[in-house]
Amino acid sequence: MGRKVRIAVLVSGGGTNLQALIDAQNSGILVSGEIVCVISSKVGAYALERAKNAGIDAVTVPRKDLSPEDFESGIVKTLEAHNAEVIILAGFMSILSEDFTKKYSNRIINVHPALIPSFCGKGYYGLKVHEEALKKGVKVSGATVHLVNEICDGGEILAQKAVSVKDGDTPETLQRRIMEQAEWKLLPEAAEKLCRRILNEKKPETPSFTLRKWELSDAEALAESTNKVDRKYLTDGIPNPYTKADGEYFIKNMAQKQEADGEGIFYAIEVDKKIVGNISVEKSSGLRSGVGVIGYYLIPEFYGRGIMTEAVKMICAEAFEKLDISRIEGTIFEPNIGSRRVLEKAGFELEGVLKDAFYKNGKLYNEYVYGLVKGE
Ligand code: GAR
(Lines give C-alpha, C1' and ligand atoms only; values in the text may rest on other atoms or scores of the structure.)
Protein backbone atom coordinates (compact mmCIF):
# COMPACT_ATOMS: atom_id res chain seq x y z
CA MET A 1 0.00 0.00 0.00
CA GLY A 2 1.34 3.39 -0.96
CA ARG A 3 1.03 6.73 0.69
CA LYS A 4 -2.05 7.62 2.70
CA VAL A 5 -3.53 11.08 3.11
CA ARG A 6 -3.12 12.31 6.69
CA ILE A 7 -6.51 13.03 8.27
CA ALA A 8 -7.32 15.06 11.38
CA VAL A 9 -10.79 14.60 12.87
CA LEU A 10 -12.27 17.52 14.82
CA VAL A 11 -14.87 16.64 17.44
CA SER A 12 -16.79 18.13 20.35
CA GLY A 13 -18.87 15.31 21.76
CA GLY A 14 -19.61 11.61 21.78
CA GLY A 15 -17.77 10.92 18.57
CA THR A 16 -19.97 8.26 16.99
CA ASN A 17 -19.03 9.68 13.60
CA LEU A 18 -15.37 9.45 14.58
CA GLN A 19 -16.03 5.82 15.51
CA ALA A 20 -17.58 5.23 12.09
CA LEU A 21 -14.39 6.60 10.52
CA ILE A 22 -12.17 4.41 12.72
CA ASP A 23 -14.31 1.36 11.89
CA ALA A 24 -14.13 2.23 8.19
CA GLN A 25 -10.37 2.37 8.48
CA ASN A 26 -10.31 -1.06 10.10
CA SER A 27 -12.72 -2.65 7.66
CA GLY A 28 -11.05 -1.35 4.52
CA ILE A 29 -13.65 1.24 3.48
CA LEU A 30 -11.28 4.08 4.28
CA VAL A 31 -7.97 3.05 2.70
CA SER A 32 -6.67 6.18 0.96
CA GLY A 33 -6.38 8.11 4.21
CA GLU A 34 -5.39 7.49 7.81
CA ILE A 35 -6.52 9.33 10.90
CA VAL A 36 -3.39 10.82 12.45
CA CYS A 37 -4.99 12.90 15.17
CA VAL A 38 -8.25 13.79 16.85
CA ILE A 39 -8.76 17.29 18.17
CA SER A 40 -11.54 18.00 20.63
CA SER A 41 -12.86 21.47 21.37
CA LYS A 42 -14.25 20.14 24.66
CA VAL A 43 -12.38 18.81 27.66
CA GLY A 44 -13.37 15.24 28.44
CA ALA A 45 -15.36 14.60 25.25
CA TYR A 46 -15.98 10.87 24.89
CA ALA A 47 -14.60 11.08 21.35
CA LEU A 48 -11.15 11.44 22.94
CA GLU A 49 -11.55 8.03 24.57
CA ARG A 50 -12.49 6.51 21.24
CA ALA A 51 -9.35 7.99 19.70
CA LYS A 52 -7.14 6.69 22.49
CA ASN A 53 -8.68 3.24 22.29
CA ALA A 54 -7.81 3.19 18.61
CA GLY A 55 -4.24 4.32 19.31
CA ILE A 56 -4.76 7.72 17.68
CA ASP A 57 -3.14 10.85 19.07
CA ALA A 58 -5.87 12.83 20.87
CA VAL A 59 -5.49 16.50 21.71
CA THR A 60 -7.86 18.92 23.44
CA VAL A 61 -7.97 22.58 22.44
CA PRO A 62 -10.53 23.87 24.92
CA ARG A 63 -12.69 26.44 23.21
CA LYS A 64 -14.27 27.83 26.33
CA ASP A 65 -10.93 28.66 27.93
CA LEU A 66 -9.46 30.39 24.89
CA SER A 67 -10.01 33.48 22.77
CA PRO A 68 -11.31 32.69 19.26
CA GLU A 69 -7.84 33.48 17.87
CA ASP A 70 -6.00 31.24 20.33
CA PHE A 71 -8.55 28.50 19.80
CA GLU A 72 -7.96 28.42 16.05
CA SER A 73 -4.22 28.88 16.27
CA GLY A 74 -4.12 26.00 18.76
CA ILE A 75 -5.93 23.84 16.22
CA VAL A 76 -3.66 24.95 13.37
CA LYS A 77 -0.54 24.16 15.39
CA THR A 78 -1.80 20.69 16.18
CA LEU A 79 -2.72 20.12 12.53
CA GLU A 80 0.71 21.27 11.38
CA ALA A 81 2.52 19.21 13.98
CA HIS A 82 0.73 16.17 12.57
CA ASN A 83 1.13 17.22 8.95
CA ALA A 84 -2.61 16.87 8.51
CA GLU A 85 -3.81 17.32 4.95
CA VAL A 86 -7.53 16.70 5.35
CA ILE A 87 -9.79 17.83 8.17
CA ILE A 88 -13.01 16.03 8.97
CA LEU A 89 -15.54 17.78 11.17
CA ALA A 90 -17.37 14.99 12.96
CA GLY A 91 -19.75 16.59 15.41
CA PHE A 92 -17.51 19.64 15.77
CA MET A 93 -19.64 22.36 17.29
CA SER A 94 -17.69 25.49 16.36
CA ILE A 95 -17.75 27.63 13.28
CA LEU A 96 -14.35 28.05 11.67
CA SER A 97 -13.17 31.47 10.49
CA GLU A 98 -12.65 32.50 6.90
CA ASP A 99 -8.86 32.54 7.44
CA PHE A 100 -8.99 28.95 8.56
CA THR A 101 -11.29 27.65 5.83
CA LYS A 102 -9.22 29.44 3.16
CA LYS A 103 -6.01 27.92 4.51
CA TYR A 104 -7.49 24.44 4.08
CA SER A 105 -9.64 25.19 1.07
CA ASN A 106 -11.28 22.04 -0.42
CA ARG A 107 -9.66 20.02 2.34
CA ILE A 108 -12.32 20.23 5.08
CA ILE A 109 -15.51 18.18 5.11
CA ASN A 110 -18.38 18.28 7.55
CA VAL A 111 -21.31 16.00 8.25
CA HIS A 112 -24.55 17.83 8.93
CA PRO A 113 -27.58 15.97 10.29
CA ALA A 114 -30.19 17.33 7.84
CA LEU A 115 -30.71 17.72 4.12
CA ILE A 116 -28.98 21.04 3.37
CA PRO A 117 -30.34 23.66 2.62
CA SER A 118 -32.95 22.71 5.21
CA PHE A 119 -32.25 23.13 8.92
CA CYS A 120 -28.71 24.36 8.59
CA GLY A 121 -26.55 27.39 9.22
CA LYS A 122 -25.66 29.14 12.43
CA GLY A 123 -27.50 27.77 15.48
CA TYR A 124 -28.45 24.50 13.79
CA TYR A 125 -26.33 21.87 15.41
CA GLY A 126 -26.75 18.59 17.27
CA LEU A 127 -30.24 17.85 18.58
CA LYS A 128 -31.48 21.33 17.75
CA VAL A 129 -31.52 20.37 14.05
CA HIS A 130 -33.87 17.46 14.72
CA GLU A 131 -36.11 19.49 17.06
CA GLU A 132 -36.63 22.04 14.29
CA ALA A 133 -37.24 19.35 11.67
CA LEU A 134 -39.92 17.74 13.86
CA LYS A 135 -41.48 21.13 14.66
CA LYS A 136 -41.78 21.81 10.95
CA GLY A 137 -43.41 18.40 10.42
CA VAL A 138 -41.12 17.24 7.59
CA LYS A 139 -41.66 13.67 6.47
CA VAL A 140 -38.07 13.11 5.41
CA SER A 141 -34.84 14.44 6.77
CA GLY A 142 -31.37 12.97 6.43
CA ALA A 143 -27.70 13.89 6.38
CA THR A 144 -25.36 15.87 4.18
CA VAL A 145 -21.60 15.73 3.77
CA HIS A 146 -20.21 18.93 2.34
CA LEU A 147 -16.99 20.82 1.81
CA VAL A 148 -16.49 23.55 4.38
CA ASN A 149 -16.01 27.14 3.29
CA GLU A 150 -16.48 30.50 5.01
CA ILE A 151 -20.29 30.18 4.91
CA CYS A 152 -21.67 28.03 7.71
CA ASP A 153 -23.00 24.81 6.09
CA GLY A 154 -22.62 26.57 2.73
CA GLY A 155 -19.85 24.63 0.94
CA GLU A 156 -20.28 22.28 -2.02
CA ILE A 157 -22.47 19.26 -1.25
CA LEU A 158 -20.61 15.98 -1.71
CA ALA A 159 -23.19 13.44 -0.59
CA GLN A 160 -26.70 13.30 0.81
CA LYS A 161 -29.02 10.60 2.04
CA ALA A 162 -32.67 10.91 2.96
CA VAL A 163 -34.11 9.20 6.03
CA SER A 164 -37.84 8.92 6.84
CA VAL A 165 -39.33 10.65 9.82
CA LYS A 166 -41.69 8.33 11.73
CA ASP A 167 -44.81 9.06 13.75
CA GLY A 168 -43.89 9.52 17.35
CA ASP A 169 -40.27 10.44 16.62
CA THR A 170 -38.49 12.45 19.27
CA PRO A 171 -35.39 14.51 18.43
CA GLU A 172 -33.36 11.67 19.95
CA THR A 173 -34.94 8.84 17.95
CA LEU A 174 -34.71 10.84 14.73
CA GLN A 175 -31.09 11.74 15.44
CA ARG A 176 -30.22 8.10 16.04
CA ARG A 177 -31.95 6.89 12.83
CA ILE A 178 -30.21 9.57 10.75
CA MET A 179 -26.88 8.65 12.24
CA GLU A 180 -27.33 4.92 11.69
CA GLN A 181 -28.84 5.10 8.23
CA ALA A 182 -27.00 8.08 6.81
CA GLU A 183 -24.15 9.82 8.69
CA TRP A 184 -22.07 6.79 9.67
CA LYS A 185 -22.09 5.56 6.08
CA LEU A 186 -21.87 8.82 4.15
CA LEU A 187 -19.01 10.34 6.10
CA PRO A 188 -16.45 7.51 5.69
CA GLU A 189 -17.39 7.15 2.02
CA ALA A 190 -16.94 10.86 1.38
CA ALA A 191 -13.64 10.83 3.30
CA GLU A 192 -12.36 7.98 1.14
CA LYS A 193 -13.41 9.77 -2.05
CA LEU A 194 -11.69 13.01 -1.07
CA CYS A 195 -8.48 11.23 -0.01
CA ARG A 196 -8.41 9.19 -3.20
CA ARG A 197 -8.81 12.37 -5.22
CA ILE A 198 -5.90 13.99 -3.37
CA LEU A 199 -3.65 10.97 -3.95
CA ASN A 200 -4.39 11.18 -7.66
CA GLU A 201 -3.58 14.88 -7.86
CA LYS A 202 -0.26 15.68 -9.39
CA LYS A 203 2.28 16.56 -6.74
CA PRO A 204 3.63 20.07 -7.02
CA GLU A 205 7.19 19.97 -8.23
CA THR A 206 10.03 20.93 -5.93
CA PRO A 207 10.62 24.60 -6.71
CA SER A 208 14.12 25.36 -7.86
CA PHE A 209 16.23 26.61 -5.01
CA THR A 210 19.88 27.33 -4.43
CA LEU A 211 22.18 26.88 -1.48
CA ARG A 212 24.62 29.71 -1.15
CA LYS A 213 27.07 31.03 1.42
CA TRP A 214 25.91 33.59 3.94
CA GLU A 215 27.14 37.13 3.42
CA LEU A 216 27.07 39.90 5.97
CA SER A 217 24.60 41.82 3.84
CA ASP A 218 22.08 38.97 4.41
CA ALA A 219 21.72 39.79 8.10
CA GLU A 220 18.37 41.51 7.80
CA ALA A 221 16.89 38.88 5.47
CA LEU A 222 18.13 36.18 7.83
CA ALA A 223 16.45 37.80 10.81
CA GLU A 224 13.26 38.27 8.81
CA SER A 225 13.09 34.64 7.73
CA THR A 226 13.80 33.17 11.16
CA ASN A 227 11.07 35.32 12.59
CA LYS A 228 8.58 33.62 10.26
CA VAL A 229 9.33 30.22 11.75
CA ASP A 230 7.38 28.89 14.69
CA ARG A 231 10.16 28.86 17.24
CA LYS A 232 8.79 25.75 18.85
CA TYR A 233 9.62 23.84 15.71
CA LEU A 234 13.20 24.95 15.37
CA THR A 235 15.62 22.06 15.37
CA ASP A 236 18.75 21.98 17.41
CA GLY A 237 21.87 23.75 16.26
CA ILE A 238 20.35 26.53 14.22
CA PRO A 239 20.57 30.25 14.68
CA ASN A 240 17.97 32.22 16.51
CA PRO A 241 18.31 35.77 15.29
CA TYR A 242 15.42 38.07 15.88
CA THR A 243 17.16 41.26 14.80
CA LYS A 244 19.60 42.36 12.16
CA ALA A 245 22.33 42.55 14.80
CA ASP A 246 21.68 38.93 15.79
CA GLY A 247 21.86 38.02 12.12
CA GLU A 248 25.21 39.76 11.73
CA TYR A 249 26.54 37.98 14.76
CA PHE A 250 25.46 34.61 13.40
CA ILE A 251 26.92 35.19 9.95
CA LYS A 252 30.24 36.59 11.16
CA ASN A 253 30.93 34.61 14.30
CA MET A 254 29.26 31.31 13.50
CA ALA A 255 28.77 30.69 9.80
CA GLN A 256 31.83 32.43 8.37
CA LYS A 257 34.10 31.58 11.28
CA GLN A 258 33.31 27.87 11.32
CA GLU A 259 33.59 27.67 7.53
CA ALA A 260 37.04 29.26 7.72
CA ASP A 261 38.12 26.84 10.46
CA GLY A 262 36.79 23.80 8.61
CA GLU A 263 34.38 23.25 11.50
CA GLY A 264 31.09 23.59 9.69
CA ILE A 265 29.14 24.26 6.49
CA PHE A 266 26.42 26.90 6.43
CA TYR A 267 24.04 27.77 3.62
CA ALA A 268 21.25 30.19 2.99
CA ILE A 269 18.40 28.55 1.11
CA GLU A 270 17.20 30.84 -1.66
CA VAL A 271 14.12 30.72 -3.88
CA ASP A 272 13.72 33.47 -6.48
CA LYS A 273 16.55 35.46 -4.87
CA LYS A 274 14.71 35.45 -1.55
CA ILE A 275 16.10 33.80 1.56
CA VAL A 276 13.59 31.19 2.71
CA GLY A 277 15.69 29.14 5.10
CA ASN A 278 18.99 28.06 6.51
CA ILE A 279 20.84 24.77 6.71
CA SER A 280 24.07 23.84 8.40
CA VAL A 281 26.22 20.93 9.51
CA GLU A 282 28.56 21.76 12.39
CA LYS A 283 31.22 19.53 13.84
CA SER A 284 30.48 18.50 17.38
CA SER A 285 33.32 19.49 19.63
CA GLY A 286 35.05 17.74 22.50
CA LEU A 287 34.34 14.12 23.26
CA ARG A 288 32.07 13.55 20.32
CA SER A 289 34.67 13.87 17.62
CA GLY A 290 33.72 12.63 14.18
CA VAL A 291 30.10 13.71 14.61
CA GLY A 292 28.41 16.48 12.66
CA VAL A 293 25.17 18.08 13.81
CA ILE A 294 22.62 19.17 11.24
CA GLY A 295 20.25 22.09 11.78
CA TYR A 296 17.80 23.80 9.46
CA TYR A 297 14.65 25.75 9.08
CA LEU A 298 12.37 26.77 6.25
CA ILE A 299 9.65 29.37 6.25
CA PRO A 300 6.24 27.67 6.39
CA GLU A 301 4.96 28.72 2.96
CA PHE A 302 7.57 26.40 1.40
CA TYR A 303 6.72 23.35 3.50
CA GLY A 304 5.75 20.09 1.86
CA ARG A 305 7.43 20.69 -1.48
CA GLY A 306 10.58 18.67 -1.07
CA ILE A 307 13.02 21.58 -0.71
CA MET A 308 14.36 20.57 2.67
CA THR A 309 14.78 16.89 1.82
CA GLU A 310 16.90 17.84 -1.19
CA ALA A 311 18.87 20.43 0.78
CA VAL A 312 19.59 17.90 3.56
CA LYS A 313 20.86 15.34 1.05
CA MET A 314 23.10 17.95 -0.59
CA ILE A 315 24.67 19.34 2.55
CA CYS A 316 25.24 15.88 4.08
CA ALA A 317 27.10 14.69 0.98
CA GLU A 318 29.29 17.79 1.12
CA ALA A 319 29.83 17.54 4.88
CA PHE A 320 31.04 13.94 4.67
CA GLU A 321 33.47 15.01 2.01
CA LYS A 322 34.82 18.20 3.58
CA LEU A 323 34.46 17.89 7.34
CA ASP A 324 36.28 15.20 9.21
CA ILE A 325 33.16 13.30 10.30
CA SER A 326 31.69 9.84 9.88
CA ARG A 327 28.20 10.42 11.25
CA ILE A 328 25.66 13.26 11.09
CA GLU A 329 23.12 13.67 13.83
CA GLY A 330 19.76 15.41 13.68
CA THR A 331 17.80 16.17 16.82
CA ILE A 332 14.10 16.89 16.58
CA PHE A 333 11.77 17.84 19.36
CA GLU A 334 8.24 16.58 19.41
CA PRO A 335 5.84 17.49 17.89
CA ASN A 336 7.86 18.47 14.85
CA ILE A 337 6.78 15.57 12.72
CA GLY A 338 7.36 17.42 9.44
CA SER A 339 11.02 17.74 10.22
CA ARG A 340 11.30 14.11 11.26
CA ARG A 341 9.90 13.06 7.91
CA VAL A 342 12.48 15.20 6.13
CA LEU A 343 15.31 13.36 7.87
CA GLU A 344 13.73 9.99 7.19
CA LYS A 345 13.32 10.78 3.51
CA ALA A 346 16.93 11.94 3.38
CA GLY A 347 18.09 8.53 4.66
CA PHE A 348 18.52 9.24 8.37
CA GLU A 349 17.53 6.55 10.84
CA LEU A 350 15.90 6.97 14.21
CA GLU A 351 18.49 6.05 16.82
CA GLY A 352 16.71 6.88 20.02
CA VAL A 353 14.09 8.90 21.80
CA LEU A 354 15.16 10.88 24.82
CA LYS A 355 12.20 10.86 27.14
CA ASP A 356 11.73 13.87 29.42
CA ALA A 357 13.73 15.97 26.99
CA PHE A 358 12.02 19.08 28.20
CA TYR A 359 8.81 20.25 29.73
CA LYS A 360 7.06 23.35 28.47
CA ASN A 361 3.61 24.72 29.31
CA GLY A 362 2.75 21.49 31.08
CA LYS A 363 3.56 19.32 28.07
CA LEU A 364 6.34 16.85 27.70
CA TYR A 365 8.45 17.13 24.57
CA ASN A 366 10.50 14.12 23.65
CA GLU A 367 13.69 14.44 21.70
CA TYR A 368 14.18 12.24 18.65
CA VAL A 369 17.75 11.55 17.67
CA TYR A 370 18.36 10.62 14.06
CA GLY A 371 21.66 9.56 12.55
CA LEU A 372 23.15 9.23 9.09
CA VAL A 373 26.34 7.21 8.81
CA LYS A 374 28.92 7.96 6.13
CA GLY A 375 28.86 5.61 3.19
CA GLU A 376 25.50 4.00 3.98
C1 GAR B 1 -23.92 14.36 14.56
O2 GAR B 1 -25.29 14.13 14.34
C3 GAR B 1 -23.40 15.37 13.57
O4 GAR B 1 -23.96 15.27 12.31
C5 GAR B 1 -23.83 16.64 14.23
O6 GAR B 1 -23.59 16.43 15.61
C7 GAR B 1 -23.71 15.04 15.91
C8 GAR B 1 -22.42 14.60 16.59
O9 GAR B 1 -22.44 13.26 16.98
N10 GAR B 1 -23.11 17.76 13.74
C11 GAR B 1 -23.59 19.00 13.70
O12 GAR B 1 -24.67 19.30 14.11
C13 GAR B 1 -22.64 20.03 13.10
N14 GAR B 1 -23.35 21.26 12.82
P15 GAR B 1 -21.11 12.44 17.28
O16 GAR B 1 -20.25 13.27 18.21
O17 GAR B 1 -21.58 11.19 17.96
O18 GAR B 1 -20.42 12.15 15.99
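Anyway, here's the lowdown on the structure attached to this text.

About the cut-offs
Residues numbered from 1 in each chain as written. Predicted model: local features only at pLDDT ≥ 70, side-chain atom pairs only at ≥ 80, totals over all residues. Heavy atoms only, no water. Helix = DSSP H or I, 4+ residues; strand = E, 2+ residues; numbered from the N terminus. Buried < 20%, exposed > 50% of the residue type's maximum accessible area, 1.4 Å probe, protein only. Areas by Shrake-Rupley, 256 points an atom, 1.4 Å probe, with all protein chains shown as cover. Lys, Arg positive; Asp, Glu negative; His and termini not counted. Charge placed at Lys NZ, Arg CZ, Asp CG, Glu CD. Salt bridge = Lys/Arg side-chain N within 4 Å of Asp/Glu carboxyl O. Phe/Tyr/Trp six-rings, centres within 6.5 Å; stacked < 30°, edge-to-face > 60°. Core = buried A, V, L, I, M, F, W, Y, C linked by side-chain atoms within 4.5 Å. Contact = heavy atoms within 4.5 Å. Pairing = 2+ DSSP bridges. Axes fitted to C-alpha atoms, helices over the stretch in contact; angles between N-to-C directions. Near = heavy atom within 4 Å. Polar contact = N/O pair within 3.5 Å; in protein donor to acceptor, adjacent residues only side chain to side chain. Nonpolar A, V, L, I, M, F, W, Y, C, P; charged D, E, K, R; others polar. Arc of directions from axis to C-beta. Parallel < 35°, antiparallel > 145°, perpendicular 65-115°, else oblique. Left-handed = near helix turned anticlockwise from the far one by under 90°.

1. What to know about the overall build of the chain
Consideration 1: If you tally the helices and strands in the chain, you get 10 helices and 14 strands.
Consideration 2: The dimensions of the chain, computed from C-alpha atoms along their principal axes, are 85 × 40 × 40 Å.
Consideration 3: A buried classification covers 49% of the 376 residues belonging to the chain.
Consideration 4: As displayed, the chain has an accessible area near 18,500 Å², and 50% of this comes from carbon and sulfur atoms.
Consideration 5: Within the chain, one finds 50 positive and 53 negative side-chain charges whose respective centroids are separated by 4 Å.

2. With respect to the pattern of salt bridges
Consideration 1: For the structure shown, the criterion picks out 20 salt bridges.
Consideration 2: Between K135 and E132 there is a salt bridge; the shortest N-O distance is 3.2 Å. On the criterion of helical spacing, the pair formed by K135 and E132 is a turn pair, its members being three residues apart in helix α5 (residues 127-136).
Consideration 3: Taking relative accessible area as the criterion, K135 reaches 67% and is therefore assigned exposed.
Consideration 4: On the basis of relative accessible area, E132 is assigned to the buried category, the value being 17%.
Consideration 5: Members of the salt-bridge network, linked through shared partners, are R288, R327, E329 and E351.

3. Quick look at the packing of aromatic side chains
A ring pair, where both rings are aromatic, is described by two values, the distance of the centres and the angle of the planes.
Consideration 1: Tallying each qualifying case throughout the model produces four aromatic pairs.
Consideration 2: Arranged with centres 6.3 Å apart and planes meeting at 10°, the rings of F71 and F92 form a pair that is stacked. With F71 in helix α3 (residues 68-81) and F92 in the loop between β4 (86-89) and α4 (98-103), this residue pair connects regions lying 21 residues apart in the sequence. The same class applies to F71 as to F92, namely buried.

4. A look at the nonpolar core
Consideration 1: In this structure, I279, I294, V312 and F348 are the most contacted members of the largest nonpolar core, which totals 44 residues.
Consideration 2: With eight residues, helix α9 (residues 307-322) is the single largest residue contributor to this core.
Consideration 3: Apart from residues lying up to four places away in sequence, F348 is in contact with I294, V312, C316, I328, E329, G330, L343, Y370, G371 and L372.
Consideration 4: Counting 39 residues, the second largest nonpolar core, distinct from the first, contains A114, V165, A190 and A191.

5. Digging into the sheet that holds strand β3 (residues 57-60)
Consideration 1: Read from one edge to the other, the open sheet built from seven strands follows the order β3-β2-β1-β4-β5-β6-β7, with strand pairing classed as mixed. The open sheet has two edge strands, β3 and β7 (157-164), and neither has a second partner. Shown here is a sheet whose adjacent strand axes are inclined to one another by a mean of 20°, direction ignored.

6. Some words on the site of the ligand
Consideration 1: As a matter of local geometry, the ligand sits amid 15 residues, with G15, T16, N17, G126 and E183 nearest to it.
Consideration 2: In the environment of the ligand, an oxygen atom lies 3.4 Å from a nitrogen or oxygen atom belonging to the backbone of V111.
Consideration 3: E183 has a polar side-chain atom sitting 2.6 Å from an oxygen atom of the ligand.
Consideration 4: Put simply, the parts of the chain that give the shell around the ligand at least two residues each are α1 (16-27), β5 (108-112) and α6 (171-200).
Consideration 5: Residues that form the shell around the ligand fall into these classes: six nonpolar, eight polar and one charged.

7. What about helix α7 (residues 219-226)?
Consideration 1: Residues of α7 that are buried include every one of A219, L222, A223, S225 and T226, and no others. With its buried residues spanning 165° around the axis, α7 presents them on a single face.
Consideration 2: Residues of α7 that are buried make contact with α8 (244-260), β10 (274-283) and β11 (291-298).

8. Focus on the packing of α5 against α6
In a pair of packed helices, the angle between the axes and the distance between the axes together describe the arrangement.
Consideration 1: At a minimum axis separation of 9 Å, α5 and α6 run at an interaxial angle of 110°. One way to sum up the angle between α5 and α6 is to call them roughly perpendicular. The interaxial crossing formed by α5 with α6 has right-handed handedness. The residues of α6 that touch α5, namely those facing L127, H130, E131, A133 and L134, are P171, E172, L174, Q175 and I178.

9. What to know about the environment of A223
Consideration 1: Structurally, the position occupied by A223 is in helix α7.
Consideration 2: The spacing of A223 and A245 is 22 residues in sequence and 8.6 Å in space, taken between C-alpha atoms.

10. Details of the side chain of E367
Consideration 1: Within the element layout of this structure, E367 appears in strand β14 (residues 363-373).
Consideration 2: When residues no more than four places from it in sequence are discounted, the contact partners of E367 are T331, I332, F333, G352, V353, L354 and A357.

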